[in-house]
Amino acid sequence: MNREEILLLEEKAKRVRRLIIKEIASIGTGHVGGSLSAADALVLLYNKVMNIDVNNPKMEGRDRFVLSKGHAGAGLYAVLCEKGYITEETLYTLNQNNTTLPSHCDMNKVNGIDMTTGSLGQGFSAAVGMALAAKIAKEDAYIYTMVGDGECQEGQIWEAALAASSFKLNNLIGFVDYNKLQLDGPLKEIIEMSPMDKKWEAFGWNVIDVDGHNMEEMYNAIMRAKECKDKPSMIILNTIKGKGVKSIEAQGFKNHSMTLTEEIVKEALEELK
């Protein structure tokens, strides 16, 4: 990936972050922190990596993405909006009455959403099943999925992880949004997940550790994952919760879901110019 492509993706990520802020501000409150921390990886996937077609969202044999940390739906919606799947006008109906954009993604309501998620752990299990199904169907497709680091405290994650390595699902590439904060506080004060990489390795996964806000590092990690032929890959994204807006970053775990005041929105949009 050349420098021009990297700069283009970084600009897209800024636009997506602006959309996230305006989207959540349209209803006043929402899951800001995890949407912002995941934005760079989502932009990279949908604009550089995945084999998808916005004009044919149900295309047979397409790559698929499952946002298992479904509470970051606002971030995925913003990426889909920037990509052209949904209109900006629709984006600002987030979580309102009769919306097609509920807080947690619904595959029956939005083109571009490959799996309904919300209950932590279940989206990841679905991604494993989708990868196995793609293997059986002999599809030349990759299944991508993202889990939260707090979500990794769910037992269901590790049952699915064990199944994926047992079935040698090299067409499954996962991401951990490792911002080290969850709803109620830092992971280390609730259930410590460090060392995250060693846990996934122990369950038979090919593991790559990267800066989750560095487009080049993430892209190279995905390319390395595709070279692995006998196991699934997990890319550990070292991220900052609320990334891109200093006042939101400063809230720490309290930005998991927070109210966006007029002042915060104004400052955020100015910072993201």
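Scoring rules and cut-offs
Residues numbered from 1 in each chain as written. Predicted model: local features only at pLDDT ≥ 70, side-chain atom pairs only at ≥ 80, totals over all residues. Heavy atoms only, no water. UniProt positions renumbered as here; feature names shortened; annotations may be inferred. Helix = DSSP H or I, 4+ residues; strand = E, 2+ residues; numbered from the N terminus. Rg over C-alpha atoms; globule rule 2.2 N^0.38 Å. Areas by Shrake-Rupley, 256 points an atom, 1.4 Å probe, with all protein chains shown as cover. Lys, Arg positive; Asp, Glu negative; His and termini not counted. Charge placed at Lys NZ, Arg CZ, Asp CG, Glu CD. Core = buried A, V, L, I, M, F, W, Y, C linked by side-chain atoms within 4.5 Å. Buried < 20%, exposed > 50% of the residue type's maximum accessible area, 1.4 Å probe, protein only. Contact = heavy atoms within 4.5 Å. Phe/Tyr/Trp six-rings, centres within 6.5 Å; stacked < 30°, edge-to-face > 60°. Pairing = 2+ DSSP bridges. Axes fitted to C-alpha atoms, helices over the stretch in contact; angles between N-to-C directions. Right-handed = clockwise from strand over helix to strand, strands pointing away. Salt bridge = Lys/Arg side-chain N within 4 Å of Asp/Glu carboxyl O. Expected span 1.5 Å × (residues − 1).

Looking at an unreviewed UniProt entry, one finds the protein named Transketolase, with Clostridium cadaveris as its source organism. You can read under Cofactor (unreviewed entry) in the UniProt record for the protein the words "thiamine diphosphate". Quoted straight from UniProt, the Sequence similarities (unreviewed entry) entry for the protein says "Belongs to the transketolase family."

K.L.:
Describe the overall build of the protein, and please don't skip the residues or the numbers.
P.N.:
Scanning the protein for helices and strands turns up 11 helices and nine strands. Taken over C-alpha atoms, the radius of gyration comes to 17 Å for the protein, in line with the 19 Å a tight globule of 273 residues would show. Carbon and sulfur atoms make up 48% of the accessible area of the protein, which totals about 11,800 Å². In the protein, 31 positive and 38 negative side-chain charges are present, and the distance between their average locations comes to 2 Å.

K.L.:
Residues and numbers for the nonpolar core, please.
P.N.:
The biggest cluster of nonpolar side chains holds 61 residues, and the ones touching the most others in it are Ile21, Phe65 and Tyr144. In terms of residue count, helix 2 (residues 33-49) provides more of this core than any other element does, 10 residues in total. Those residues in contact with Ile21, other than ones at most four positions away along the chain, are Val32, Leu36, Val245, Ile248, Leu260, Val265, Ala268, Leu269 and Leu272. With 26 residues, the next largest nonpolar core counts Val128, Ala161, Trp205 and Val207 among its residues.

K.L.:
Account for the packing of aromatic side chains, naming residues and giving values.
P.N.:
Inspection of the entire model under this criterion finds seven aromatic pairs. Their ring planes at 75° and their centres at 5.7 Å tell us that Phe124 and Trp200 sit as a pair that is edge-to-face. Of the two residues, Phe124 is situated in helix 5 (residues 122-136) and Trp200 in helix 8 (residues 196-202); the sequence distance between them amounts to 76 residues. Looking at Trp200, the relative accessible area reads 0%, which means it is buried. Plain terms: the ring middles of Trp200 and Trp205 are 5.1 Å apart, the flat faces sit at 70° to each other, and that makes the pair edge-to-face.

K.L.:
Describe the sheet that holds strand 3 (residues 143-148), listing the residues and the values that go with them.
P.N.:
Read across the open sheet, the five strands follow the order 2-3-4-8-7; overall the sheet is parallel. Two strands in the sheet have a free side with no partner beyond their single neighbour: strand 2 (64-67) and strand 7 (206-211). Across the sheet, the mean angle separating the axes of adjacent strands is 20° when strand polarity is ignored. Pairing analysis gives six bridges linking strand 7 to strand 8 (residues 233-238), with the strands arranged parallel. Following the sheet pairing, Asp211 is matched in strand 8 by Asn238.

K.L.:
A description of the pairing of strand 8 should follow, citing residues and the corresponding values.
P.N.:
Buried residues dominate strand 8, accounting for five of its six residues. The pairing of strand 4 (residues 172-178) with strand 8 spans six bridges and is parallel. Each bridged residue has a counterpart across the sheet, and for Phe175 the counterpart in strand 8 is Ile235. Following the backbone out of strand 7, through helix 9 (residues 215-227) and into the adjacent parallel strand 8, one traces a crossover that is right-handed.

K.L.:
Give me the lowdown on the pattern of salt bridges, citing residues and values where you can.
P.N.:
Enumeration according to the criterion identifies 12 salt bridges in this entry. Close ionic contact of Glu5 with Lys48 constitutes a salt bridge, the shortest N to O distance being 2.6 Å. Taken together, the residues Glu5 in helix 1 (residues 3-25) and Lys48 in helix 2 connect sequence positions 43 residues apart. Note on Glu5: relative accessible area 27%, which makes it partly exposed. For the salt bridge of Asp177 with Lys69, the shortest nitrogen-to-oxygen distance reads 2.6 Å. Of the two residues, Asp177 is situated in strand 4 and Lys69 in the loop between strand 2 and helix 3 (73-83); the sequence distance between them amounts to 108 residues. Neither residue differs from the other here; Asp177 and Lys69 are each classed as buried. In the salt-bridge network here, residues are joined through shared partners; they are Lys12, Arg15 and Glu82.

K.L.:
Explain helix 2 to me, and be specific about the residues and the numbers.
P.N.:
In this model, helix 2 (17 residues) spans 24 Å end to end at C-alpha, consistent with the 24 Å of a helix rising 1.5 Å per residue. Counted residue by residue, helix 2 has 15 buried out of 17 residues, so it is predominantly covered.

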